Amino acid sequence: MVSYLLRRLLIALPSLLAISLILFAVLALAPGDPFGELAQNPVIPPEVRAALRAQFGLDDPLLVRYFHWLSAMAQGDWGFSFANRINVDELILQRLPTTLYVIGSAQVLALLVALPVGILAAIRPYSIFDQLANTFAFVGFSLPTFFTGLLLIMVFSINLDWLPFVYRSDLSSTGWQWAWDQFKQSIMPIAVLGLFQGASYTRYVRSAMLDVVGLDYVTTARAKGLHERTVIIGHAARNAMIPVVTMVALQMPMVFGGAIVTEEIFRVPGIGSLLINAILASDTPVVMAITFVFACLVIFFNLIADLLYGFLDPRISFS
């Protein structure tokens, strides 16, 4: 297992370097100047602006700037945010817990919906339940998150006045009241993301289960007199989860990207809203750091998926 992890990390290193170079080049050649606001301020002399650009190396050649950034990243220095006047790593760490809480809860909700619904729909194909599940899935991933988010705000915030539509990170309440307020303001963003992903996962789970429920080993398990629940959960569902794990792992970085829209709708102070603000302000160190983290997530979740294969299918060896 250790040797397998080391091999995967060595393989991932050239990929990350190539991705970082492409991202850095695209952001460096993109229009916009992080010190554009200073250039329009007549109070700040030109020599001060020139000194700041020289300090941050913005006038150096592209490859020189890239290697400076790469060397700093290797030492744990993610750069300085021009717009927020704070180190990038501190800025991301301030926003990361909120994003992990919302996205993590949404993924748990998505799997809690998709796994039982998809499995039941597969073992009862073309039944009324299966048709309802397919309808839910098609409607769920056909509606964009910005539409369902605005719909929930209109219903539960404006018309019924049950839930707040603005997510606040500075709740003044304490104790159980704080937990209740945190839960109330999290319901809608988690529901929007979770049900959207759950609808997509449901189709994959159903399709994967349909591929295995008719195989010989499932029929043999039934012929041995095993309980139907044991046959479905212990034999069919376990093997059916292999393609599902692959799909979930590949979509996790997309979930972080999709959360950008949801965070903007509900004003969630997470990584997504930070990325949007950084793009608008041409704050390239923040944009570079966040997009590079997304690239790392792709490789990380692919590794997690490979490790889960060995748990789901004992025939898979990591030697």
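Placed above this text is the structure.
*Asks:* So what about the overall build of the protein? Which residues, and what values?
*Replies:* Check the secondary structure of the protein and you find 12 helices and 2 strands. Each helix (α) and strand (β) of the protein, taken in turn from the N terminus, gives the series α-α-α-α-β-β-α-α-α-α-α-α-α-α. A total of 319 residues make up the protein; the buried ones form 39% of that total. Pairs at least 24 apart in sequence give 72% of the contacts found in the protein among residues at least 6 apart. In the form shown here, the protein has an accessible surface area of approximately 17900 Å², with 69% of it arising from carbon and sulfur atoms.

*Asks:* Lay out helix 4 (residues 62-74) in plain terms, naming residues and giving numbers.
*Replies:* Its 13 residues give helix 4 an end-to-end C-alpha distance of 18 Å, which sits within 8% of 18 Å, the value for a rise of 1.5 Å per residue. Among all positions of helix 4, only Tyr66, Trp69 and Met73 are buried. Each buried residue of helix 4 sits inside an arc of 65 degrees when the element is viewed along its axis, so together they form one side. The exposed set on the far side of helix 4, more than 90 degrees from its buried face, consists of Phe67 and Ala74. In the stretch just after helix 4, Gly76 is the one whose phi turns positive, near 90 degrees.

*Asks:* Before we move on, could you go through the environment of Phe165 and cite the residues and values that matter?
*Replies:* Mapped onto the fold, Phe165 is located in the loop between helix 7 (145-159) and helix 8 (175-212). Measuring from C-alpha to C-alpha, the distance between Phe165 and Phe266 comes to 5.8 Å, with 101 residues separating the pair along the chain.

*Asks:* Run through the side chain of Gln182, naming residues and quoting values.
*Replies:* Among the structural elements, Gln182 can be located in helix 8. In contact with Gln182, not counting residues within four places along its chain, are Tyr101, Tyr167 and Leu171.

*Asks:* Could you give me a rundown of the environment of Ala122, with the residues and numbers involved?
*Replies:* One can find Ala122 in helix 5 (residues 88-123). When its relative accessible area of 2% is taken as the criterion, Ala122 is described as buried. Measuring from C-alpha to C-alpha, the distance between Ala122 and Val212 comes to 9.7 Å, with 90 residues separating the pair along the chain. Not counting chain neighbours up to four residues away, the residues in contact with Ala122 comprise Arg206, Met209 and Leu210.

Reading the values: rules and limits
- Residues numbered from 1 in each chain as written.
- Predicted model: local features only at pLDDT ≥ 70, side-chain atom pairs only at ≥ 80, totals over all residues.
- Heavy atoms only, no water.
- Helix = DSSP H or I, 4+ residues; strand = E, 2+ residues; numbered from the N terminus.
- Buried < 20%, exposed > 50% of the residue type's maximum accessible area, 1.4 Å probe, protein only.
- Contact = heavy atoms within 4.5 Å.
- Areas by Shrake-Rupley, 256 points an atom, 1.4 Å probe, with all protein chains shown as cover.
- Expected span 1.5 Å × (residues − 1).
- Arc of directions from axis to C-beta.

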